[in-house]
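Structural features, examined
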2 protein chains.
Amino acid sequence: MDKLTIAIDTMGGDLGCAAVIEGAFMAMEQFPFLEPVLFGPEDLLTAEIKKYSKKVNKTSVMKIVHAPTVIEPSEQPTLAFRRKKDSSIVMGLKYVKDGHARGFVSTGSTGALLTGATVIIGRKKGIERPALGTVLPSKTGYTLLLDCGANMDSKPSYLAQFAQLGTEYMQKVMGISSPRVGLINVGAEEEKGNALAKEAYTLLKETSDINFIGNIEGREILAGDVDVAVCDGFTGNVLLKHTEGFAKIMLGMIKEQLLSSTISKIGALLAKGAFGKLKKRFDYREVGGAPFLGLNHIVIKAHGSSDALAIKNAIRQCVEYGQ
Amino acid sequence: MDKLTIAIDTMGGDLGCAAVIEGAFMAMEQFPFLEPVLFGPEDLLTAEIKKYSKKVNKTSVMKIVHAPTVIEPSEQPTLAFRRKKDSSIVMGLKYVKDGHARGFVSTGSTGALLTGATVIIGRKKGIERPALGTVLPSKTGYTLLLDCGANMDSKPSYLAQFAQLGTEYMQKVMGISSPRVGLINVGAEEEKGNALAKEAYTLLKETSDINFIGNIEGREILAGDVDVAVCDGFTGNVLLKHTEGFAKIMLGMIKEQLLSSTISKIGALLAKGAFGKLKKRFDYREVGGAPFLGLNHIVIKAHGSSDALAIKNAIRQCVEYGQ
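The rules behind these values
- Residues numbered from 1 in each chain as written.
- Chains lettered and ligands numbered in written order.
- Predicted model: local features only at pLDDT ≥ 70, side-chain atom pairs only at ≥ 80, totals over all residues.
- Heavy atoms only, no water.
- Contact = heavy atoms within 4.5 Å.
- Buried area = accessible area lost by both parts, 1.4 Å probe.
- Salt bridge = Lys/Arg side-chain N within 4 Å of Asp/Glu carboxyl O.
- Polar contact = N/O pair within 3.5 Å; in protein donor to acceptor, adjacent residues only side chain to side chain.
- Helix = DSSP H or I, 4+ residues; strand = E, 2+ residues; numbered from the N terminus.
- Nonpolar A, V, L, I, M, F, W, Y, C, P; charged D, E, K, R; others polar.
- Buried < 20%, exposed > 50% of the residue type's maximum accessible area, 1.4 Å probe, protein only.
- Patch = residues over 30% accessible without salt bridge, like charges linked within 9 Å, V, L, I, M, F, W, Y side chains within 5 Å.
- Areas by Shrake-Rupley, 256 points an atom, 1.4 Å probe, with all protein chains shown as cover.
- Lys, Arg positive; Asp, Glu negative; His and termini not counted.
- Charge placed at Lys NZ, Arg CZ, Asp CG, Glu CD.
- 1 Å grid on protein atoms, 1.4 Å probe; cavity = no way out; pocket = protein on both sides within 12 Å on 5 of 7 lines; lining within 4 Å.
- Points joined across faces, edges and corners; volume = space filled by probe spheres on them.
- Core = buried A, V, L, I, M, F, W, Y, C linked by side-chain atoms within 4.5 Å.
- Pairing = 2+ DSSP bridges.
- Axes fitted to C-alpha atoms, helices over the stretch in contact; angles between N-to-C directions.
- Phe/Tyr/Trp six-rings, centres within 6.5 Å; stacked < 30°, edge-to-face > 60°.
- Lys NZ or Arg CZ within 6 Å of the ring centre and 35° of its normal.
- Least-squares fit on C-alpha atoms with pLDDT ≥ 70 in both.
- Right-handed = clockwise from strand over helix to strand, strands pointing away.

Counting residues at the interface gives 49 residues for chain A and 49 residues for chain B. Taking both partners together, chain A and chain B bury about 4,600 Å²; carbon and sulfur atoms supply 76% of that area. Joining chain A to chain B, the criterion identifies two salt bridges. For Lys241(B), the salt bridge is made with Glu217(A), and the minimal N-O distance between the two is 2.4 Å. Our enumeration of links across chain A and chain B arrives at 10 residue pairs in polar contact (both at pLDDT 80 or more). Of all elements in the fold, only helix H7 (195–206), helix H8 (233–258), helix H9 (262–270) and helix H10 (272–281) of chain A reach the threshold of two or more residues within the side of chain A that touches chain B. The leading source of residues in the side of chain A that touches chain B is H8(A), at 19 residues. Of the residues assigned to the side of chain A that touches chain B, the class counts are 27 nonpolar, 14 polar and eight charged.

Spelled out as structure tokens, the structure:
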């Protein structure tokens, strides 16, 4: 197989560039044809790679492109992109745009990354707005929820395009031949919903190359009935964050209850393996990052707190998207 | 204390009128001053009360108002209300409107009940639209989420009114003196959100008699930071149903994992009490029904599958709302 290049932003993550570098090496182990290119301050990256070499006790090399500055989360995206042309995000995105790499992985701020990717890499033909997708564990597999926050006030046509983008993603990355697409709504019937959902339903029925199964209610999003769940970016963002928060709250309540008596403490100890498996299922690091869909190249927004495993899986998403 | 009358629809519940009657007697035991009035076919109700008397081995009496017909969930609400003036919903609501009872409890369909209550009982002065509220268990207590589906396309002014209605409800029914109100949004900053959320923020800041703490993100809704979480009816409905569905999915996954090995099965057995407590916390029957807020009298929509305990608590909501 030919070499495959992925551009990687080493700046902006909570754990620093060490985690990103380790994740990139992990991805190389999984995909021998992979050639990651790291963007960040050269001295820093060289030093970290040396440290990593020592840790694994072998000589490790990886291509570095010197990008001395960083766009901070507090900066206004459009301004920052104009001023910081030598930042890791801008240089990495340009690298992808110029055809040197298939995709870009970054732990940078969502807003900056979305603005940069849209301006530098550009939208796919026929796509009005890129969307932020998130793959969530469902009862039986995974559901891609989109848009998770790129477009606050969406038009019906955006939602129809999200359905197409989501279908393509689940086909390529998850290997589902005909992903079932559902429109998030308040009832099963066609005439249900707000003005946006009603118009989107009509459009989705007529959209080609998707397997539209109709409206899905809140309780069905993760019930395993759909592979792609489509909604506006406001609803999607609230839903996504609520799901993350609620899972944590529930697991916390369970823990608290289990530790409340000696007998249940023993029970919890015996059931530890079972809880471990469940925790893994809700571990974002296993899925990778959130893909921006609708751009000319794939861009993965990795979680700010990504460790090496999460970075490895974000890179894997880029690799699999193009296959 | 004076007698307090609550009108109760005995029709429309999945478990039939027996559960409603038992719930009403349970409420009378808790509140000796309570005088429930049952609406439904007289013969049927008399027979069921007789059965109940046998069961508890004492003479049980309750006031009955004969309402021979039922509005089916499949009927178009406005039409049904015009045609079925002798239905349990129409007669019960009229009874409340005419001042014979403080509030109305029904397991009937949300749409029919909302239409009926708005037309017959009427909106409070200054309230443009009634909202459907739901009290959800949070990390530390309870959060009232509204609107859960009465108003699909909401105006900013509705949301400000929902905040006032929610504040009043949590004060009266939950005894919280200054309920913290949060606006559900995609970020903490004032300028975040879709057009509706941005305008609503500005209005909420200026709304009197509420303790507005600002935007809350999805993960904060049930984290115990707010007592009232305000959003449009589309978002609220999707969120509510998602929460119910996700809790079930998570508990199902836990059960599956626990039963997957002998050791964890033993663990689960020992931890059974802890799980029971948790299940109770997520049991809608403990909270009662969903209040329609913004009407001249309180109307509680009880769950279609309500058993006697759930009905008792829905009646309790009516009792406490007026105290």
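Let us keep going from here.
A few words on the side chain of Arg316(A). Residues and elements named next belong to chain A. Tracing the chain through its elements places Arg316 in helix H12 (residues 308–321). With a relative accessible area of 14%, Arg316 lands in the buried category. Those residues in contact with Arg316, other than ones at most four positions away along the chain, are Gln30, Phe31, Glu286 and Val287.

Turning our eyes to something else, we now look at a positive patch on the surface. All names here are of chain A. On the surface, a cluster of positive charge is made up of Arg82, Arg83, Lys85, Lys94 and Lys97. Those elements that place two or more of their residues in the positive patch are helix H3 (77–83) and helix H4 (88–97). Checked against the element boundaries, Lys94 lands in helix H4.

This brings us to empty space enclosed by the protein. Enumeration over the complete set of coordinates arrives at one cavity of 30 Å³ or more. Approximately 40 Å³ is the volume found for the largest cavity. Around the largest cavity, the lining residues are Leu159(A), Leu183(A), Ile184(A), Leu196(A), Ala197(A), Val230(A), Cys231(A), Asp232(A) and Phe234(B). Put simply, the parts of the chain that give the lining of the largest cavity at least two residues each are strand S7 (180–184) and H7 of chain A. Among the residues forming the lining of the largest cavity, the class breakdown is eight nonpolar, no polar and one charged.

Attention now goes to the nonpolar core. Grouped together as the largest cluster of nonpolar side chains are 217 residues, with contacts concentrated most on Ile315(A) and Ile315(B). Apart from the residues within four sequence positions on either side, Ile315(B) is in contact with Ile6(B), Ile8(B), Gly23(B), Ala24(B), Ala27(B), Leu34(B) and Val105(B).

Before going further, it helps to examine the sheet that holds strand S11 (residues 298–301) of chain A. The pairing of strands in a sheet happens through backbone hydrogen bonds and is either parallel or antiparallel. Residues and elements named next belong to chain A. The mixed open sheet is built from 11 strands, whose spatial order is S3-S2-S1-S4-S11-S10-S5-S6-S9-S7-S8. This sheet does not close on itself; its edge strands, each paired only once, are strand S3 (63–66) and strand S8 (211–216). Direction aside, neighbouring strands of the sheet carry axes that sit 25 degrees apart on average. Judged from the five bridges that link them, S7 and S8 form a sheet pairing that is parallel. Considered in S8, the bridge of Val181 is made with Phe212. Sheet strands in contact with H4 are strand S1 (4–9), strand S2 (34–40), S3, strand S4 (103–106) and S11, and its direction is about 160 degrees off that of S4. Packed on one face of the sheet, H7 meets S7 and S8 and runs near 160 degrees to S8.

Residues and elements named next belong to chain A. Summed over the entire model, instances satisfying the criterion amount to 13 aromatic pairs over all chains. Where Phe39 meets Tyr95, the ring centres are 5.2 Å apart and the plane angle is 70 degrees; that geometry is what we call edge-to-face. Residue Phe39 is located in strand S2, and its partner Tyr95 is located in helix H4; the two are separated by 56 residues in the primary sequence. Neither Phe39 nor Tyr95 differs from the other in exposure class; each is buried. Lying over the aromatic face of Tyr321, Lys172 brings its terminal NZ or CZ to 4.7 Å of the ring centre.

Right, let's talk about the relation of the copies chain A and chain B for a bit. With an RMSD of 0.0 Å, the fit of chain A onto chain B corresponds to turning through 180 degrees and sliding 0.0 Å along the axis. Such a combination of rotation and displacement between the chain copies is what one expects of a two-fold axis. The C-alpha atom lying nearest the rotation axis in chain A is that of Gly267(A); the distance is 1.8 Å. When you check the interface residues of chain A against chain B, 100% turn up at the interface there too, and the contact is symmetric in its surfaces.

Residues and elements named next belong to chain B. Across the sheet, 11 strands lie side by side as S3-S2-S1-S4-S11-S10-S5-S6-S9-S7-S8; this open sheet has mixed pairing. Two strands bound the open sheet, and with one partner strand each, they are strand S3 (63–66) and strand S8 (211–216). Pairwise comparison of adjacent strand axes, ignoring direction, gives a mean angle of 25 degrees for this sheet. Where strand S7 (residues 180–184) and strand S9 (residues 228–230) come together, three bridges link them in parallel fashion. By the bridge assignment for S9, Val181 is matched with Val228. Contacting strand S1 (4–9), strand S2 (34–40), strand S4 (103–106), strand S10 (290–293) and strand S11 (298–301), helix H12 (residues 308–321) runs over the sheet at an angle of about 160 degrees to S11.

Let us now look at a nonpolar patch on the surface. A surface patch of nonpolar side chains, amounting to about 500 Å² of accessible area, comprises Ile263(A), Ile266(A), Leu270(A), Ile263(B), Ile266(B) and Leu270(B). Within the secondary structure layout, Ile263(B) lies in helix H9 (residues 262–270).

Moving on, we come to the pairing of S1(A). All names here are of chain A. Taking burial as the measure, the six residues of S1 include six buried ones, the bulk of the element. Of the two faces of S1, the one lined by Leu4, Ile6 and Ile8 and the one lined by Thr5, Ala7 and Asp9 are each fully buried. In this structure, S1 lies alongside S2, joined through six bridges in parallel fashion. Across the sheet, residue Ile6 finds its bridge partner in S2, namely Pro36. Crossover S1 to S2 through helix H1 (residues 16–30) is right-handed. Sheet topology note: the S1/S4 ladder contains three bridges and is parallel. If you follow Ile8 over to S4, its bridge partner there is Val105.

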